[in-house]
Each structure stands twice: as C-alpha cells, then as structure tokens.
Amino acid sequence: MRWIAGLFSLGLMLLLIAVGGVATAISYYSKDLPDYSYLKDYQPPILTRIYADDGRMMATIAEEQRIFVPISVIPKRVINAFLAAEDQSFYTHGGVDFMGIARAAFTNVQNLGRDKRPVGASTITQQVAKNMLLGNEVSIKRKVREAILAMRLEKTLSKDRILEIYLNEIFLGSRSYGIVAAALNYFNKSLDELSVAEAAYLAALPKAPNNYSPKRDYEAAVARRNWVIGRMEEDNYITKEEAAVAQQEALQTQTRNEAEIVTADYYSEEVRRQLVAQFGEEKVLGGGLAVKTSLNPFLQEIAAKALRDGLINFDRRERGWRGPIAHMRNLHDWQNQLKSVLLPPGGEAWQLAVVFKLKDAEAEIAFADGKGGKIPWREMKWARKELPDNKFGPAIRRPADVVEVGDVIMVEAVKAGEDGKPYPEGSFTLRQVPVVQGAIVVLDPHTGRVFAMNGGFSAKISQFNRATQAFRQPGSSFKPFIYMAALDKGFTPSSLILDAPFEYVQGPGLPLWKPENYSQQFYGATPLRVGIEKSRNVMTVRLANSIGMPAVAEYAKKFGIADDMPDLLSFSLGAKETTVMKLTAAYGMIVNGGKKITTSLIDRVQDRDGKTIWKQDNRACDGCLSDAWLPGTVPPEIPDVRETIEDPRTAYQMVSILEGVVLRGTGARLKAVGVPLAGKTGTTNESKDAWFIGFTPDLVCGVFIGFDDPMPLGSHETGASVSVPIFQDFMTKAMKDKPGIPFRVPPGLRMVRVNAETGGLTTPSDKSAIWEAFIPGTEPQEGVPRPVLDGSVTGAAAEGAAGAFGHGESSPENANDATSAPSPSTLGTGGLY
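Conventions used here
- Residues numbered from 1 in each chain as written.
- Predicted model: local features only at pLDDT ≥ 70, side-chain atom pairs only at ≥ 80, totals over all residues.
- Heavy atoms only, no water.
- Helix = DSSP H or I, 4+ residues; strand = E, 2+ residues; numbered from the N terminus.
- Buried < 20%, exposed > 50% of the residue type's maximum accessible area, 1.4 Å probe, protein only.
- Contact = heavy atoms within 4.5 Å.
- Areas by Shrake-Rupley, 256 points an atom, 1.4 Å probe, with all protein chains shown as cover.
- Patch = residues over 30% accessible without salt bridge, like charges linked within 9 Å, V, L, I, M, F, W, Y side chains within 5 Å.
- Salt bridge = Lys/Arg side-chain N within 4 Å of Asp/Glu carboxyl O.
- Expected span 1.5 Å × (residues − 1).
- Phe/Tyr/Trp six-rings, centres within 6.5 Å; stacked < 30°, edge-to-face > 60°.
- Lys NZ or Arg CZ within 6 Å of the ring centre and 35° of its normal.
- Pairing = 2+ DSSP bridges.
- Axes fitted to C-alpha atoms, helices over the stretch in contact; angles between N-to-C directions.
- Polar contact = N/O pair within 3.5 Å; in protein donor to acceptor, adjacent residues only side chain to side chain.

Colleague: Any chance you could break down the overall build of the protein chain for me, citing the residues and the numbers?
Modeller: A count of helices and strands for the protein chain gives 21 helices and 23 strands. Per-residue burial over the protein chain gives 51% buried out of 833 residues. Of the contacts made within the protein chain by residues no fewer than 6 positions apart, 71% connect residues no fewer than 24 positions apart. For the protein chain, the accessible surface area stands at approximately 39300 Å², while carbon and sulfur atoms represent 53% of it.

Colleague: Before we move on, could you go through a nonpolar patch on the surface and cite the residues and values that matter?
Modeller: Residues Val 745, Met 751 and Trp 771 make up a contiguous nonpolar surface patch of roughly 290 Å² in combined accessible area. Turning to its location among the elements, Trp 771 is positioned in strand 22 (residues 769-774).

Colleague: Account for helix 13 (residues 297-318), with residues named and values stated.
Modeller: In this model helix 13 runs 31 Å from its N-terminal to its C-terminal C-alpha over 22 residues, within 8% of the 32 Å that 1.5 Å per residue would give. Burial of helix 13 is extensive: 16 of the 22 residues sit out of reach of the surface. Following helix 13 by one or two positions, Gly 320 has its phi on the positive side, about 85°.

Colleague: Give me the packing of aromatic side chains: which residues, what numbers.
Modeller: As enumerated under the stated definition, the model contains 20 aromatic pairs in all. Centroid distance Phe 82 to Tyr 166: 6.4 Å. Interplanar angle 80°. Geometry classified as edge-to-face. With Phe 82 in helix 2 (residues 76-86) and Tyr 166 in helix 6 (residues 159-169), the pair connects residues that are 84 residues apart, well separated along the chain. Here Phe 82 falls in the buried class, since its relative accessible area comes to 0%. A ring pair is formed by Tyr 186 and Phe 187, whose centres lie 6.4 Å apart and whose planes are at 45°; its orientation type is tilted. Considered together, Tyr 186 and Phe 187 belong to a single accessibility category, that of buried residues. Through successive ring pairs, a cluster of aromatic residues spans Phe 478, Phe 481, Tyr 555, Phe 559, Tyr 587, Phe 695 and Phe 743. We note Lys 159 situated over the ring of Phe 90; from NZ or CZ to the ring centre the distance is 4.6 Å. Arg 308 extends its terminal NZ or CZ atom over the ring of Phe 457, reaching a point 4.1 Å from the ring centre.

Colleague: Provide a residue-level description of unusual backbone geometry, including the pertinent values.
Modeller: One non-glycine residue, Ser 535, adopts positive backbone phi at about 55°. Looking at the element boundaries, Ser 535 is found in the loop between helix 16 (528-533) and helix 17 (537-547). Taking relative accessible area as the criterion, Ser 535 reaches 0% and is therefore assigned buried. Despite not being glycine, Ser 687 has its phi angle at roughly 55°, a positive value. The residue Ser 687 is located in the loop between strand 18 (678-683) and strand 19 (690-696) in this model. The class for Ser 687 is buried, based on a relative accessible area of 6%.

Colleague: How would you summarise the pattern of salt bridges if you had to cite specific residues and measurements?
Modeller: Tallied over the entire structure, the rule returns 40 salt bridges. For Glu 198, the salt bridge goes to Lys 189, with nearest N and O atoms at 3.0 Å. By relative accessible area, which is 9% here, Glu 198 ends up buried. Between Arg 317 and Glu 717 there is a salt bridge; the shortest N-O distance is 2.9 Å. Residue Arg 317 is found in helix 13, and its partner Glu 717 is found in the loop between strand 20 (699-706) and helix 21 (719-734); the two are separated by 400 residues along the sequence. Taking relative accessible area as the criterion, Arg 317 reaches 39% and is therefore assigned partly exposed. Beyond isolated ion pairs, a larger network of salt bridges with shared partners links Asp 53, Lys 292, Arg 449 and Asp 603.

Colleague: Could you give an account of the sheet that holds strand 18, naming the residues involved and the relevant values?
Modeller: The strands that make up a sheet pair up through hydrogen bonds in the backbone, lying either parallel or antiparallel. Spatially, the five strands line up as an open sheet ordered 13-12-20-19-18, and their pairing is antiparallel. A strand with exactly one partner marks an edge of an open sheet, and here the two such strands are strand 13 (450-454) and strand 18. Averaged over all adjacent pairs, the angle separating strand axes in this sheet is 5°, with direction ignored. Where strand 12 (residues 437-443) and strand 13 come together, four bridges link them in antiparallel fashion. When the sheet's bridge partners are listed, Leu 443 is paired in strand 13 with Val 450.

Colleague: Could you give me a rundown of the sheet that holds strand 15 (residues 524-527), with the residues and numbers involved?
Modeller: Spatial ordering of the open sheet is given by 15-14-23, a layout of three strands whose pairing is mixed. The open sheet has two edge strands with one neighbour each: strand 15 and strand 23 (788-789). Across four bridges, strand 14 (residues 496-499) lies against strand 15 in antiparallel orientation. Following the sheet pairing, Leu 498 is matched in strand 15 by Ala 525. Along the sheet, helix 17 makes contact with strand 14, strand 15 and strand 23, crossing strand 14 at roughly 120°.

Colleague: Pulling in residues and values, what's your account of helix 20 (residues 648-664)?
Modeller: Since the α-helix turns once every 3.6 residues, residues separated by three or four places project in the same direction. Here helix 20 is 17 residues long and its end C-alpha atoms lie 24 Å apart, about the 24 Å a rise of 1.5 Å per residue gives. With 12 of 17 residues buried, helix 20 is to be regarded as a mostly interior element. Residues of helix 20 that are buried: Thr 650, Ala 651, Tyr 652, Gln 653, Met 654, Val 655, Ser 656, Ile 657, Leu 658, Gly 660, Val 661 and Val 662. Measuring from the backbone nitrogen of Arg 649 back to the side-chain oxygen at the start of helix 20 gives 2.8 Å, which picks out Asp 647 as the cap.

Colleague: Describe the environment of Met 731, and please don't skip the residues or the numbers.
Modeller: Tracing the backbone through its elements, the reader meets Met 731 in helix 21. Residue Met 731 is classed as buried on the basis of its relative accessible area of 0%. Residues Met 731 and Gly 674 lie 57 residues apart in sequence; the distance between their C-alpha atoms is 10.0 Å. Look past the residues within four positions of Met 731 in its chain and what remains in contact with it is Val 673, Leu 677, Thr 696, Leu 699 and Cys 701.

Encoded structure:
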C-alpha cells in the first residue's frame, strides 16, 4: 500500500508541477497582450462606393474591397458552409477546440514523411484573434498567445459577434475582403442568391485563396469545394441528395455585368480627389461612404465616344501611321507569340492581331484564339508613314505599303466604311493610339451639375484630367465676355467697330504688335455681332482697348474664367489660360440668364449608416417632406438663391449673337443638328489649342483638343475643323428625338428687324434680315447714322463716317477664328499709334 501512496503522491506532485508550469506559461505569454475590448464596437474598414445619377455603380475606393453585412442578415446556408469548413464545434467550444487539436496532432503524426501539409486546428475565434490582434508570425509563442486571446474573447464577445467579425474580415482572394465582396467578385451575386455549391466554394477559400482559383487550377478548386460540401452533409446542414447535386454543379465564376457598371474613369478619379480633399484619405478609403454623383450614363457614353472618335480622326488626318506594335520574324508558334504581346495603354478597347497575308485589296489577319479576319484597303489608305515636322511618307497604294506579314497591329471590328457601304462579316479597321489629347465637359447651365466629363483619350495612358487640370489658352472662345462687357457699357449688337490695321507699342526696343484676322484681310466698319460670328481679331482688340482691359479682367473673374488676368491687350484674344470646366461653366452663365453657378460632380454623400453628411443643394424646402400629397396640392416652391452676375438682357443678346455663330459663322456646320444651338470656336496661335463651347437652352458642352506638350495641330486646323465635329457628334446623339427648344428671351428687350451683315434697319423682304434684341432706346433709328468705333484711344469711341470702309468680302465660315496675339511675356503696356 505504501508504494501506491507513493505513486499517488508523485502523481499529485507532477500534476501540481504541470499546473504550475501551465499557469507560469499563461502568465508569461499573457504579458503585453493587445487590448481586445475595442472589438465590441469594432467597425471594419469598408469601401466607398461612387454611383451615377441612375444608381448604377461607377467605382469603388478602398485599400481593402469590403462591404460590411450584419450577422443577422447573412443566410444560414453561407454560415453553415463556413462552420463546416473552418470550425464544426464553433458554438460549443470556449475559444480553443482541444479535441480538434488532438485530432490534428494524430493526423500530423500519421502524415510524417508523406510530404503533406500539416493539418491545423485553429478555431474561428483563434483566427479572429490572429487576424485582428496578433498578425501572421509563425511561432509557438504566437500560437499560445492566440489561444489565450481566443478564450478571453469568448468571455467578452458573443458567438454571433465573433462570427460576424470573421465573415466580414476574412480575405478570400480576388481583392475580396469579407463574404459580400467575394460573392460579388466571384459570382456577381448577393449572399442570398448563392447556391450551396457557390457558398461552399467561398468557404473553401480562407486557407489558401490563391491555390483554389478556378482560372489557374480548376480541378483543385472543385476538389476543395466538394470537400466542403461533404463536410456540410456530414454536419447535417444539407441532405445527401443536395450534396450530390451541388458536387456536380460546374464552378463558373462571373464578373459583374457591364450593364450594371458605368465606366467613367476621369470622372470617378476627379470625384475621388474631391472626396479626399473634403473628408480626408482615411475616411474615403475605409469609411464606407456612399457617393451619389450627377453623372448621366447616356451623356457620358456618347461624350466619351465623340471625343475618342474625334481624336482618332484627327490623328489619322494629321499624324499618319506610326507602325506596328511588334513584329514576328517568323510565324512559328504565332499564337503564343501573339499572346505574349501586351496591348499598349489606350488600346484596351481594341484587339491585337497578326498580319498573315497581304493582297491588293485587303490584309488577312489572325487573332490569338485562332480566328481570322480581313482589313479592307479603304480602312488602311489613311496610313501614310508619319515623319518628323508634321510630314508624311510617300503615297500608299496597297496594303503592303502599310504593313508586313508578321506585323502585330491593333484592330477594331467595323461593319461599314465612312461612305456607309457595308463590309463583309469579319472586317476590321486599323487602329493606333492617338498622340493628341483633349477633353469634353457636359453640364447643366442652371445648376452647374456636371453630366459628363472625359479628360483624355484614355485614363490608362494618364489620369491627368485635361478637363480640370490642364490650363490652356482659350483663344477666340474668350471673345464673348469682352463683347458682353462692351454691351453693358452701352454698345449694341449693331454698333459698328472699325476692322482696319492696328498697331500697338509694346515698349522700348520691342517690335510693334500688329494683330491680324485669320484671313489676313480687313473689313472696315463692321457690326459688333459680326465680330463674334466671324471671329474678327482686330475688331476685338479695338473693342477691348476702348472699354479698357480692367473691365475685361473683371468679366473674366466674375464668370470664373480667371482670377488674375493681366491688363495686357493680348489677353483680349484669349491668351490667359483657363480650363475646359471653367470656360464651359462660364458659357452656362450666359445661357442661364446671367446667374452664377458652381460646377459640381457630387450631389450627396452618405456615411456607412446611410446618414447624409454632405449635399450640394442646401436650399430650404419646407413642404418637400410632407407625409402625404393630397389631390390639388400645390407643389412647394424651392427658392432660387443663385447670384445674378449679369443683366439677363445682356446675356440674351450674347446668346443671340452666339446663335448667329452657328447660323452664319464659324460653327455653321452645326445647323445640321436641327435644333437651336449657339456657341463659339477658339483657336490659339499656330493652332496649338482648338476649342468649341456650345449650348442649347438646357445643356452646355465644351470641347478642347491639343497636345500635352503644346505644338501646332496643323497649318489649317482650327476649332471649327477639330472641335466642332466632336461637339456635333455629341449633340446630334444627345438631342436625337428631342424637340428643339428656342432660347428663352427675358423681359425688357425690344426685338427689331435688322440686316445681319450691316446691323442696319431692314424690311421683311431682306433675305439677310434677323430679329435683333435691343435694350429699349438703343436700337438703330431710321435716317440716323451709326458712329464707328475706332478704338485707338482707350475708353473713347472715335466717330467717323459709317461707310468710310466697305464691308469687303465675307470670310469663309470656318476661317476667321485663330488669334494672332504675341506671347504675353513679350507684350508691354505701351500706347497706340
């Protein structure tokens, strides 16, 4: 018996030593454990979502693509799949599954020497402790600390809370954090739409997402998924029949439907910049903001296409062919060779092909998937070789003059040629990424809401936004603001301005500045209206000199074009840089009757809980939140709080003049659109910048084209030849099947019939007669001669005989546009001769 008592004592001693050792180890490893109390109210960082005006997704902003979902709304099917795969006894253990550890240890001993990965036994609680508090260090110390934290978490948090954190935090590959993002990214489904097989696949991913990608290793992905389905059957989450059906289901991932997403890269990036500036980067990246923008998907699509097509057409017309992307010396294994060639930035909308055979009337091409096609000669005849200094190589007569067999080129499917004649099935056109750039902006002139914006050919080339970040000279598109300043100082649309040689002393030792019209002709005494319609430079300089450059600078500032315009006469011809966004908004303030607007891309921002934390329109509306609308209820009136910055009568006079640009001037080709339009072209020195800003009564569109490193577009390229066609393409589609609305005329004007070319009173039988708007008392009088502004003395109008100079021959409708101002740096403040 004594030996039994001795053994018992020894056993008790060893037990005490073991307990003491465990207690000592727990005490040791418990030192400096991270604080886990914050997990009670933890809100994981979730992505910020940007929506178009129709509610479709545009973009997300996040370091981790995550959408938070409460445990109460997660379908049981999804929960059960993860429990079966990761922690079968989750709801019964206390944080650590000791039986699971024993099973894993036994299995690992059996697998010794079999080159198999060790089996783990971490519970979901332990994974939360590791992911949220400890990190991924591989060591015994970390595992012990993980176990200690897991047991403490179980005492602090409910099981559902722990599971909620886990399912929203877990990384599941494909940039997906949490089960909601994974369901969308893998299957384009919400959680309640997932099948058993799909839920099982997501539950198969936590251990090693990259090892179970269907695209890289389909068989391994299916095997892992089916293992999870088997575990779900074992745990009685699904029946044997359901398991059999689920295991036979094909594993098909699906990206989001393009119809559900609006592509507007430049717009989204500008929204991101504004959000970061207002709310800070941390809140934008992880705050779960919901951002509703003013983007109109239809207008954005047609605006982006009009700009891209316009840049491509210009590139073909003025720059020529810059050669293939690559060349294959031989066609051995050509498909793998072709697959190894990357599309250049900007070519993402096109396909790579290799030239297989050349004929006199076409080039035969093949794609990496083995399919073929043909490029008709008509789709290649533009491709003369590009040479330095805007020159072209020799004329081309057949496809062999453009490409060689083995050339890797970019192509796009085409159904018909420019003449409308259809091509056979499988026809393609030759493509290259343009080197010229541009921008287009479309906005509401009454609110400033930006409906569409594209800041270049492709954001893949550069995210530099030429609509908001590029400051370029507007050229003649700035002229309307000088003429409005003159109208406010007593001039009328029929006032005569002298179009004759003009010289300006720049300063000691500097040459005289002699501005010229684009036609290099002078037209004598000309009505103010015609100065805008035909874009007469010399008239504009004389007018600006007469009213004074400080007045011009004031108008540039109040219309938001530029805040610091120098008092130099050259700036009257658009030498002061501005952006497409600013100038388009300024034109909006003309057509809306002189009301101040601020451009806005964002309508409303909500936090992660759906509370509105910012909105663009803060006007009071007392009756807008009524509980019920009874028959006959008068809708509430929302006050117009816009500041009036221009006399509505003057604004309409300019609208009428700018409508004349379309009817008789440099924008005459726009008459083909078939609705009332107005606008102004702009071209700077050496044709480095080409503009057109135009509008209907309720829509403004601004277009700019130019090289990022300013250089001439071409000797005969102007705003009328480059930018007007883009505007026309956009506006034709935007106004299709819409009634043409005439421009609104404010009260306080007198409409008088005058001759559009002379500005004088005329009869109804005159084919050149138009209705001109005058402020009462300023209209022309029968038999009273109109003075002619000489403009040679600042602030004074020189009177002369109205017929001292004939009107001369009219210039071409797309000619008198380019400015000829010297560089602002060389222009002094001298006087006039």
